[in-house]
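Descriptive analysis of the structure
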Amino acid sequence: MVDEALSAGAVARRLGVAVTTLRTWHQRYGLGPSRHEPGQHRRYTADDLARLEIMRRLTAEGVSPAEAARWARQAPGAVRVEDLPRSRPPGVRDGGGPTIPVGRAGPAARGLARAAMRLDSTAIGETIARSLADEGVVATWDRLIRPVLAGVGERHAATYALIEVEHLLSRCVSEAFAALSRATRPAGPPRILLSCADEEQHTLPLEALAAALAEAGVGHRMLGARVPSPALLRAVDRTGPAAVVLWSHTPATADPTQLEALVAARRRPLLVLAAGPGWPVAALPSGVVRPTHLAEALALVVAARDSLEQPPST
C-alpha cells in the first residue's frame, strides 16, 4: 500500500487499467479520489487504491461492475480475500489465465502485465504511451516492456499458452513505437539501416531501436523481418549507411555469412552490429560488434552517424 496520494495516471499504471476506466468507476459507482486540496486535482489515497484494486480484481473475474462496486465500497479492512465473490476457479485471475511474472520490475510493469492478461489494448497503449512520454524509449523498453514480454515467454514455455496475449501486447508495442516515430523529425538524412536476418521474424527489439533513434532525431531506414542477404547488400549499396544493424533472435537465423557479406560489401558501412541473442560471439567476423543492450546499440550507431557526417579535417 502507499502512503502518498496518487494521481489518476499513477493509479491507472498500478492497476493496469485505462484512465478512462477510472473515470467511469468514479462517475457511475462513486469509486473516485477522496483527497482534495484547494487549487489542485483530487488525489487517490491508500484506501481509495485498495477499493479500486478490489473493483479491478472482481470485474476481471467476471463479476458485474455494479456488484464489484458494492464490495469495493466497503471499508478495505472489512473485506477479506476469501469473502470476495468469484465467478472463476481459485488461482485463475486477470482474464482467465495465470499471472505474468515481471521479476523486480516496478508497479507500471505489473499493471501492464495485468492489462495484457485482460487483453485490454486501451490500457496497454495508455501505459506504454505514458512511459514513453515520461521516461523515454530506452527506459520504457528495459523497465516496462521487456520484463512483461519475458514473463509472457516464461509462462508460454511452461504452459504453451498466452499466444493471444503475446500477439496483442506485441501489436500494441509496435503501434506505440510507430506513433512516436511518426511524431519526430530526424535531423539530416537517414544514415542507419536496420534489418532482421534472413528468416528472422522477431522484430520488436529492432522496432525499439528505431523508436530510440527517432527520439534522438537520428534518421534511419527499417527493412523489417526476413531480409535475404542479397537484398540487404543491395540496400547497403544504394544508401551507403554509416551503420547496419542486423538482428537475430535465435541461432536458427544467425548465419555468420550474412555478416561476412556486409563486412566485404563494396560500400562497407563504418559499423556492422550483430544485435540479438541469436548471434554466437565466437563466430562473429572480425570488425563486427555485438551490443548487449539497447542503450549500447543506440550509442554505437549514433557515434557511427556522427563520424560519417563529421567534416574532414584540413
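We now turn to the structure provided with this report.

Cut-off values and rules
- Residues numbered from 1 in each chain as written.
- Predicted model: local features only at pLDDT ≥ 70, side-chain atom pairs only at ≥ 80, totals over all residues.
- Heavy atoms only, no water.
- Helix = DSSP H or I, 4+ residues; strand = E, 2+ residues; numbered from the N terminus.
- Contact = heavy atoms within 4.5 Å.
- Polar contact = N/O pair within 3.5 Å; in protein donor to acceptor, adjacent residues only side chain to side chain.
- Buried < 20%, exposed > 50% of the residue type's maximum accessible area, 1.4 Å probe, protein only.
- Expected span 1.5 Å × (residues − 1).
- Core = buried A, V, L, I, M, F, W, Y, C linked by side-chain atoms within 4.5 Å.
- Pairing = 2+ DSSP bridges.
- Axes fitted to C-alpha atoms, helices over the stretch in contact; angles between N-to-C directions.
- 1 Å grid on protein atoms, 1.4 Å probe; cavity = no way out; pocket = protein on both sides within 12 Å on 5 of 7 lines; lining within 4 Å.
- Points joined across faces, edges and corners; volume = space filled by probe spheres on them.
- Parallel < 35°, antiparallel > 145°, perpendicular 65-115°, else oblique.
- Left-handed = near helix turned anticlockwise from the far one by under 90°.
- Nonpolar A, V, L, I, M, F, W, Y, C, P; charged D, E, K, R; others polar.
- Phe/Tyr/Trp six-rings, centres within 6.5 Å; stacked < 30°, edge-to-face > 60°.
- Salt bridge = Lys/Arg side-chain N within 4 Å of Asp/Glu carboxyl O.

The next subject is the overall build of the protein chain. Broken down by element type, the protein chain carries twelve helices and five strands. A separation of at least 24 residues holds for 69% of the contacts in the protein chain among residues at least 6 apart in sequence.

Here we come to the side chain of Thr-203. Within the secondary structure, Thr-203 sits in the loop between strand S1 (192-196) and helix H9 (204-215). Within the structure, the side chain of Thr-203 is placed 2.6 Å from the side chain of Glu-207, a separation counted as a polar contact. Beyond its immediate chain neighbours, meaning those up to four positions away, Thr-203 contacts Cys-196, Gly-224 and Ala-225.

We note that Leu-119 has phi near 55°; this positive angle belongs to a residue other than glycine. For Leu-119, the location among the structural elements is in the loop between helix H5 (107-117) and helix H6 (121-135). For Leu-119, a relative accessible area of 39% gives the class partly exposed. Unusually for a residue other than glycine, Arg-226 sits at a positive phi of about 55°. Relative to the helices and strands, Arg-226 resides in the loop between strand S2 (220-224) and helix H10 (229-239).

So, on to helix H8 (residues 163-182). Helix length check: H8, at 20 residues, gives a terminal C-alpha distance of 28 Å against a target of 28 Å (1.5 Å per residue), a fit within 8%. Close packing links the buried residues of H8 with H5, H6, helix H7 (137-159) and H9.

The next point concerns the nonpolar core. Among the nonpolar cores identified, the biggest contains 56 residues, and Ile-124, Ile-128, Phe-177 and Leu-213 are the most heavily contacted of them. Top contributing element to this core by residue count: H9, with nine residues. For Leu-213, the residues in contact, after removing those within four places along its chain, are Ile-192, Leu-194, Val-218, His-220, Leu-298, Val-301 and Val-302. The next biggest cluster of nonpolar side chains, apart from the first, holds 22 residues, and it includes Leu-15, Val-19, Tyr-29 and Ile-54.

What follows covers the sheet that holds strand S5 (residues 288-289). One open sheet holds the five strands; their spatial order is S2-S1-S3-S4-S5, and the pairing between them is parallel. A single partner strand is all that each edge strand has here, and the edge strands are S2 and S5. Here strand S4 (residues 271-275) runs beside S5; their pairing, made up of two bridges, is parallel. Counterpart to Leu-273 in the pairing with S5 is Val-289. Relative to S1, H10 is tilted by about 175°, and along the sheet it contacts S1, S2 and strand S3 (243-247).

Let us now look at the layout of surface pockets. Estimates place the volume of the largest pocket at around 790 Å³. Those elements that provide at least two residues to the lining of the largest pocket are H7, H8, H9, S3 and helix H12 (294-309). Examining the composition of the lining of the largest pocket, we find that ten residues originate from one element, H7, more than from any other.

Packing of H7 against H9 leaves a shortest axis separation of 10 Å and a crossing angle of 160°. Here H7 lies roughly antiparallel to H9, going by the angle between them. Relative to H9, H7 is oriented so that their crossing is right-handed. Contact residues: Val-137, Val-138, Trp-141 and Leu-149 in H7; Leu-204, Pro-205, Ala-208, Ala-211, Ala-212 and Glu-215 in H9. Looking at side-chain class alone, the contact of H7 with H9 contains nine nonpolar, no polar and one charged residues.

Another aspect to go through is the packing of aromatic side chains. Two descriptors summarise a pair of aromatic rings, namely the distance from one centre to the other and the angle between the planes of the rings. The tally for this structure, following the rule as stated, stands at one aromatic pair. The interplanar angle of 45° and the centroid separation of 6.3 Å between the aromatic rings of Trp-141 and Phe-177 together place this pair among those described as tilted. Of this pair, Trp-141 sits in helix H7 while Phe-177 sits in helix H8, and the two are 36 residues apart along the sequence. According to the relative accessible area criterion, Trp-141 is buried, its value standing at 8%. The buried category is assigned to Phe-177, whose relative accessible area is 2%.

The buried fraction of H5 amounts to eight of the eleven residues, a majority that puts the element mostly inside the structure. Those residues of H5 that sit buried are Ala-109, Gly-111, Leu-112, Ala-113, Arg-114, Ala-115, Ala-116 and Met-117. Remark: Leu-119 follows H5 within two positions and exhibits a positive phi of approximately 55°.

Another aspect to go through is the pattern of salt bridges. Enumeration according to the criterion identifies twelve salt bridges in this entry. A salt bridge links Arg-155 to Glu-154, with the shortest nitrogen-to-oxygen separation between them at 3.9 Å. Judged by relative accessible area, which is 23%, Arg-155 ranks as partly exposed. Classification of Glu-154 by relative accessible area gives partly exposed; the value is 47%. Arg-305 serves as the salt-bridge partner of Asp-306, at 2.7 Å between the closest nitrogen and oxygen. The class for Asp-306 is partly exposed, based on a relative accessible area of 38%. Arg-305 sits in the buried class, given a relative accessible area of 12%.

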